[in-house]
Protein chains: 2
Amino acid sequence: MANITNQDIEDLSVGAALLGTGGGGDPYIGKLMARAALETHGPVELLSLDQVPDGMNVIACGAMGAPTILIEKMPSGEEIGVALRAYESRMGRKVDAIIPFEAGGINSMVPIMLAAEFRLPVIDADGMGRAFPQLEMETFNVYGVPACPLALADEQGNTVIIETDNAAKAEFLARGVTIRMGGQSYLVNYGMDGATTRRVSVPATMSLSIGIGRTMREAAEARADALEALINFFQTTHYEIARVIASGKIIDVSRRERNGWSVGVVTIEPFDNPGKPVTIQIQNENLIAEQDGMVLAIVPDLICILELDTSMPITTERLRYGQRVNVLGVKVPPIMRTPEALAVFGPSAFGLDRDYAPLEA
Amino acid sequence: MANITNQDIEDLSVGAALLGTGGGGDPYIGKLMARAALETHGPVELLSLDQVPDGMNVIACGAMGAPTILIEKMPSGEEIGVALRAYESRMGRKVDAIIPFEAGGINSMVPIMLAAEFRLPVIDADGMGRAFPQLEMETFNVYGVPACPLALADEQGNTVIIETDNAAKAEFLARGVTIRMGGQSYLVNYGMDGATTRRVSVPATMSLSIGIGRTMREAAEARADALEALINFFQTTHYEIARVIASGKIIDVSRRERNGWSVGVVTIEPFDNPGKPVTIQIQNENLIAEQDGMVLAIVPDLICILELDTSMPITTERLRYGQRVNVLGVKVPPIMRTPEALAVFGPSAFGLDRDYAPLEA
């Protein structure tokens, strides 16, 4: 149990962008907001999953919407607190701790902002182990936690509470509301007790993100190879395996806002094989990397597009023609690869006509 | 104060279809549902506005959605009760009486169903004095009652509670939810006390609807002219003036579902002047009737399309090429014609580039 430092926030913003696999929202905006929240309200404790007591009253939180909209529609910083107050009022009780519903981009920062405001700890874990585009794509849902009540708020202080016993329906309704809130909302849901939280969460993903950022920062300071350092770092974690699945130049980015998501395809011309482009399909996050009909990596394994020179992750909305990139594939922990988990956030959940193939296979 | 009889329900279904001015949902489905509710739960009292005590805890209710969808997506009959329970749970108190939020189509029946189930009276008044397509188009809103909290439910038992201090925003968010609930939802909102209810409601619109239906039934039984009887009946009410503004054959119906509404234009070839068609613009309800660049009638005054032979009202979704019709214009009461009221549901509120012109002018 330790307080989250400003340096942690800095490192987290890099690691969360990487775990975001393109999605999860701009980490720069999140970083500024989290820093401001710590300055205003004081320090926030990061609580490891094994320190969570059975009876702790835990709530998940994050932002919903298309990342492309987030950079045009700045949050006020008060949205998520408004959502939590609406939730607490609905439940008639206070929550004790905050858990990120996803470990990516802005959604690693929103829980810190909320925890700072409410003087609560943040749990070092999450429900996705990465970023996913839909609210039902949560280990919380996979392992039986109801998605509702769900409370949403927007920057005008409008709130909506959704109650349905189906997580995909909750996603569908919340997405509809989010679109009408201007494409971006802030929400709390998946209320659960501490014992459940320990059972259903992807552990240590906040410290993993911080570790990723720290590793890259230290490599840069030492003028060492950040990519090599990153791959070595993953070997020391429960994600274990990271490897470069493509290197090349972006020769096409097709991307648009559809149904409240950023969807598209990025095409990379490999340096070593220009005639065989690598394509990556996107729904907020990078879903599948293919080359010449072969799957290089596929959800839920991570597909991270990194700047060639710095190895800094590039989010979906910042992909551009001409960028030179490495594509890193990363294995996800066992809790995300069970048949139940793959049914909820494996290839078929995204309508991909491909079987799941583990990165290391 | 009297109980609503089965005969009243029958008459109300005709009158509500007429006040619905094309919208408000199919009165036949509503009639069946209201009858079933009375059979299951027992009688419902109709309480005149001047009998409403100051401290009475009143809630408005009705269905939201495109009428064209209602006839394909039958309600279970339990939706509105689910919505009220969610509302009462949010407010932490019970309601004492139900008021229709609109006096049209199914929305004259939904309050009776709800009142039967909860053993509460229905107030003989409403917030539109007719049907309008949007939730902020309420005298309740015009005269200062907050539209929220607003509770919505669908036929699967899913509920959503919306809180915003702007009635148009409440409409926008609720419409988004309704679309994702399959195009039809049931909602309660505009909670207010009895003194407020007396001040902000259009009086006696339930008994007006019942009177319209009774007048037409009795005319049919006496083989008298139903249209003449109807016009005479209106003269005895606070709506005062009804007159035929066109008679002819429908030669075109253009109608589609857009943004959760049924929108379109119906074109009528007048018997007495075939070269000068009458057009009626529709957004769920009939908004404006024009001929040769002249306005024959315009919102909020009523534009009712009636079968030529029977004078039975034809709802938007049942308009067909070849129907022979009378178009009846009806004056609305003063509470609906103030500058504040016209700002909320006059021509400009529908984007019509026409000034309001009273029917009788």
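All residue numbers here refer to positions counted from 1 along the written sequence of the relevant chain. Chains and ligands are labelled sequentially in the order written, the chains with letters from A and the ligands with numbers from 1. Local features in a predicted model are, by the rule used here, given only for residues with pLDDT of at least 70; side-chain atom pairs are given and counted only at 80 or more, and totals for whole chains, interfaces and linings are based on all residues. Excluded from the side-chain calculation are hydrogens and water; included are all heavy atoms of the structure.

Caption draft 1: Spotlight on the sheet that holds strand S12 (residues 278–283) of chain B. Residues and elements named next belong to chain B. Strand order across the open sheet formed by 7 strands is S14-S13-S12-S11-S10-S16-S15, with antiparallel pairing between neighbours. Across the chains shown, the open sheet's two edge strands, defined by having one partner strand only, are strand S14 (294–298) and strand S15 (302–307). Strand-to-strand, the axes of this sheet are offset by a mean angle of 35 degrees, without reference to chain direction. Running at roughly 5 degrees to strand S16 (residues 324–330), helix H10 (residues 226–235) makes contact with strand S10 (242–258), S15 and S16 of the sheet. Only when DSSP finds a minimum of two bridges between them are two strands counted as paired. Runs of E in the DSSP output that reach at least two residues are strands. Runs of H or I that reach at least four are helices, and both are numbered from the N terminus. Axes, fitted as lines to C-alpha atoms, cover a helix only where it is in contact. Angles between the N-to-C directions of the axes lie from 0 to 180 degrees. The contact rule is simple, with two residues in contact once any of their heavy atoms fall within 4.5 Å.

Caption draft 2: Quick look at the domain arrangement of chain A. Residues and elements named next belong to chain A. Each domain's limits were defined by an automated method or a database of domain assignments. When the domains of chain A are assigned, the result is domain 1 (2–203) and domain 2 (236–350). Contacts between domain 1 and domain 2 engage 41 residues on the former and 36 residues on the latter. Reported buried area values correspond to the accessible surface (1.4 Å probe) lost by two parts on association, with both partners' losses combined. Buried surface at the junction of domain 1 and domain 2, summed over both partners, amounts to about 3000 Å²; 66% is from carbon and sulfur atoms. Salt bridges, as used here, are contacts in which a Lys or Arg side-chain nitrogen is within 4 Å of a carboxyl oxygen on Asp or Glu. At the boundary of domain 1 with domain 2, the tally comes to 0 salt bridges. N or O atoms closer than or at 3.5 Å make up a polar contact, with two conditions inside protein: a donor-capable atom paired with an acceptor-capable one, and, for residues adjacent in sequence, both atoms drawn from side chains. Counting every contact that joins domain 1 to domain 2 gives 11 residue pairs in polar contact (both at pLDDT 80 or more). Listing elements by their share of the side of domain 1 that touches domain 2, those giving two or more residues are helix H1 (6–19), helix H3 (67–70), helix H6 (139–142), helix H7 (167–180), helix H8 (194–200) and strand S9 (202–203). It is H1 that contributes the most residues to the side of domain 1 that touches domain 2, 4 residues altogether. Here the residues of the side of domain 1 that touches domain 2 sort into 20 nonpolar, 13 polar and 8 charged. Asp, Glu, Lys and Arg are counted as charged, while Ala, Val, Leu, Ile, Met, Phe, Trp, Tyr, Cys and Pro are counted as nonpolar; the rest, among them Gly, fall into the polar class.

Caption draft 3: Focus on the layout of surface pockets. All names here are of chain A. Size it by volume and the largest pocket reaches roughly 440 Å³. Considering the residues around the largest pocket, the lining is formed by 25 residues, among which Ser13, Val14, Ala17, Met312 and Pro313 are closest to the centre. Only H1, helix H2 (27–41) and helix H9 (205–221) provide two or more residues apiece to the lining of the largest pocket. Residue classes in the lining of the largest pocket are distributed as 12 nonpolar, 5 polar and 8 charged. Whether a set of points on the 1 Å grid over the protein atoms alone is a cavity depends on a 1.4 Å probe fitting there but being unable to get out, while an open set qualifies as a pocket with protein on both sides within 12 Å along at least five of seven lines; lining residues are those with an atom within 4 Å of a point. Grid points are joined across faces, edges and corners, and a volume is the space filled by probe spheres set on the points. Taken as a whole, the second largest pocket holds about 240 Å³ of empty space.

Caption draft 4: Focus on the packing of helix H1 (residues 6–19) of chain B against helix H9 (residues 205–221) of chain B. All names here are of chain B. In the contact formed by H1 and H9, the axes pass within 6 Å of each other and the chain directions differ by 100 degrees. Classified by the angle between their axes, H1 and H9 sit roughly perpendicular to one another. Within the contact between the two elements, H1 uses Gln7, Asp8, Asp11, Leu12, Val14, Gly15, Ala16, Leu18 and Leu19 and H9 uses Thr205, Met206, Leu208, Ser209, Ile210, Ile212, Gly213, Arg214, Met216 and Arg217. For the contact of H1 with H9, a count of residues per class yields 10 nonpolar, 5 polar and 4 charged. For classification purposes, an angle smaller than 35 degrees is called roughly parallel, one larger than 145 roughly antiparallel, one from 65 to 115 roughly perpendicular, and anything else oblique.

Caption draft 5: Seen up close, the UniProt feature "domain: S-Me-THD-like C-terminal" (unreviewed entry) in chain A. UniProt positions are given in the numbering used here, feature names are shortened, and annotations may be inferred rather than shown by experiment. Here, UniProt's "domain: S-Me-THD-like C-terminal" (unreviewed entry) annotation points to residues 168–359 of chain A. Along residues 168–359 of chain A one finds 28% helix and 36% strand; the C-alpha atoms at either end are 27 Å apart.

Caption draft 6: Structural view of the relation of the copies chain B and chain A. Turning chain B through 180 degrees and shifting it by 0.0 Å along the axis lays it on chain A, with an RMSD of 0.0 Å. Both copies of the chain, as the preceding transformation shows, are related through a two-fold rotation axis. It is isoleucine 161 of chain B whose C-alpha, among those of chain B, lies nearest the rotation axis, at 2.4 Å. Here the copies are matched by least squares. The fit uses the C-alpha atoms of residues with pLDDT of at least 70 in both.

Caption draft 7: Examining the nonpolar core more closely. Counting residues in hydrophobic clusters, the biggest one holds 138 residues, and the most contacted among them are Phe234 and Tyr239 of chain A together with Phe234 of chain B. The residues touching phenylalanine 234 of chain A, leaving out its near neighbours within four places in the chain, are Leu18, Leu208, Ile212, Tyr239, Glu240, Ala242, Leu328 and Val330 of chain A. If you look at the next biggest cluster of nonpolar residues, it comprises 80 residues, including Ile59 and Met113 of chain A together with Val44 and Ala116 of chain B. As used in this record, nonpolar core signifies buried Ala, Val, Leu, Ile, Met, Phe, Trp, Tyr and Cys residues forming a set joined through side-chain atoms within 4.5 Å. Throughout this description, buried means an accessible area under 20% of the type-specific maximum (1.4 Å probe, protein chains only), exposed means over 50%, and partly exposed covers the range between.

Caption draft 8: Examining the packing of aromatic side chains more closely. Aromatic pairing here means that ring centres of Phe, Tyr or Trp (its six-membered ring) are within 6.5 Å. Orientation follows from the plane angle: under 30 degrees is stacked, over 60 is edge-to-face, and everything else is tilted. This model, assessed by the stated rule, comprises 10 aromatic pairs over all chains. Pairing phenylalanine 132 of chain A with phenylalanine 350 of chain A gives two aromatic rings, centres 6.2 Å apart and planes at 35 degrees, and the pair type is tilted. Of this pair, phenylalanine 132 of chain A sits in the loop between strand S5 (122–126) and H6 while phenylalanine 350 of chain A sits in the segment after helix H11 (339–345), placing them 218 residues apart in sequence. Here phenylalanine 132 of chain A falls in the buried class, since its relative accessible area comes to 4%. Residues phenylalanine 234 of chain A and tyrosine 239 of chain A carry aromatic rings whose centres are separated by 6.4 Å and whose planes lie at 45 degrees to one another, so their mutual orientation is tilted. For the residue pair phenylalanine 234 of chain A and tyrosine 239 of chain A, the accessibility class agrees, reading buried in each case. Within the aromatic cluster, the residues linked to one another by ring pairs are Phe132, Phe345 and Phe350 of chain A. Taking the ring centre of phenylalanine 172 of chain B as reference, the NZ or CZ of arginine 180 of chain A above it sits at 4.3 Å. Here, over-ring charges are defined by two tests on the NZ atom of lysine or the CZ atom of arginine: distance to the ring centre within 6 Å, and angle to the ring normal within 35 degrees.

Caption draft 9: How the structure looks around the pairing of strand S2 (residues 45–48) of chain A. As defined by bridge partners, strand S1 (residues 2–3) of chain A adjoins S2 of chain A across 2 bridges and the pair is classed as antiparallel. Paired with alanine 2 of chain A across the bridge in S2 of chain A is leucine 46 of chain A.

Caption draft 10: Summary view of the interface of chain B and chain A. Between chain B and chain A, the residue contacts involve 21 residues of the former and 21 residues of the latter. Contact with chain A buries area across many residues of chain B, yet Asn158, Leu173 and Arg180 of chain B alone supply 38% of it, more than any other trio. At the surface where chain B touches chain A, the tally comes to 0 salt bridges. Remark: the boundary between chain B and chain A carries 7 residue pairs in polar contact (both at pLDDT 80 or more). Secondary structure elements with two or more residues in the side of chain B that touches chain A: strand S7 (159–163) and helix H7 (167–180) of chain B. Broken down by element, the residue count for the side of chain B that touches chain A peaks at 8 residues, all from H7 of chain B. Grouping the amino acids of the side of chain B that touches chain A by side-chain chemistry returns 8 nonpolar, 7 polar and 6 charged. Where strand S7 (residues 159–163) of chain A lies against S7 of chain B, 5 bridges are found, and the strand directions are antiparallel. Residue pairing for S7 of chain B: valine 160 of chain A is matched across the bridge by isoleucine 162 of chain B.

Caption draft 11: Representation of unusual backbone geometry. A cis amide bond, omega 0 degrees, links cysteine 148 of chain A with the succeeding residue proline 149 of chain A. Relative to the assigned elements, proline 149 of chain A resides in the loop between H6 and strand S6 (150–153). For the bond running from valine 299 of chain A to proline 300 of chain A, omega is 5 degrees, close enough to zero to count as cis. Mapped onto the elements, proline 300 of chain A comes out in the loop between strand S14 (294–298) and strand S15 (302–307). Its identity is not glycine, yet tyrosine 190 of chain A carries a phi of approximately 50 degrees, on the positive side. With respect to the helices and strands, tyrosine 190 of chain A occurs in strand S8 (residues 184–193). Taking relative accessible area as the criterion, tyrosine 190 of chain A reaches 1% and is therefore assigned buried. Here the phi dihedral of arginine 119 of chain B falls at roughly 55 degrees; this positive angle occurs in a residue that is not glycine. Tracing the chain through its elements places arginine 119 of chain B in the loop between helix H5 (110–118) and strand S5 (122–126). According to the relative accessible area criterion, arginine 119 of chain B is partly exposed, its value standing at 45%.

Caption draft 12: Region of the structure containing H7 of chain A. All names here are of chain A. Here H7 is 14 residues long and its end C-alpha atoms lie 20 Å apart, about the 20 Å a rise of 1.5 Å per residue gives. Across the 14 residues that make up H7, a large majority, 11, are buried. Among the residues making up H7, those that are buried are Ala167, Lys169, Ala170, Glu171, Leu173, Ala174, Arg175, Gly176, Val177, Thr178 and Arg180. Where H7 begins, the side chain of asparagine 166 points an oxygen toward the backbone nitrogen of alanine 168, at a separation of 2.8 Å. Expected span of a helix: the number of residues minus one, times 1.5 Å.

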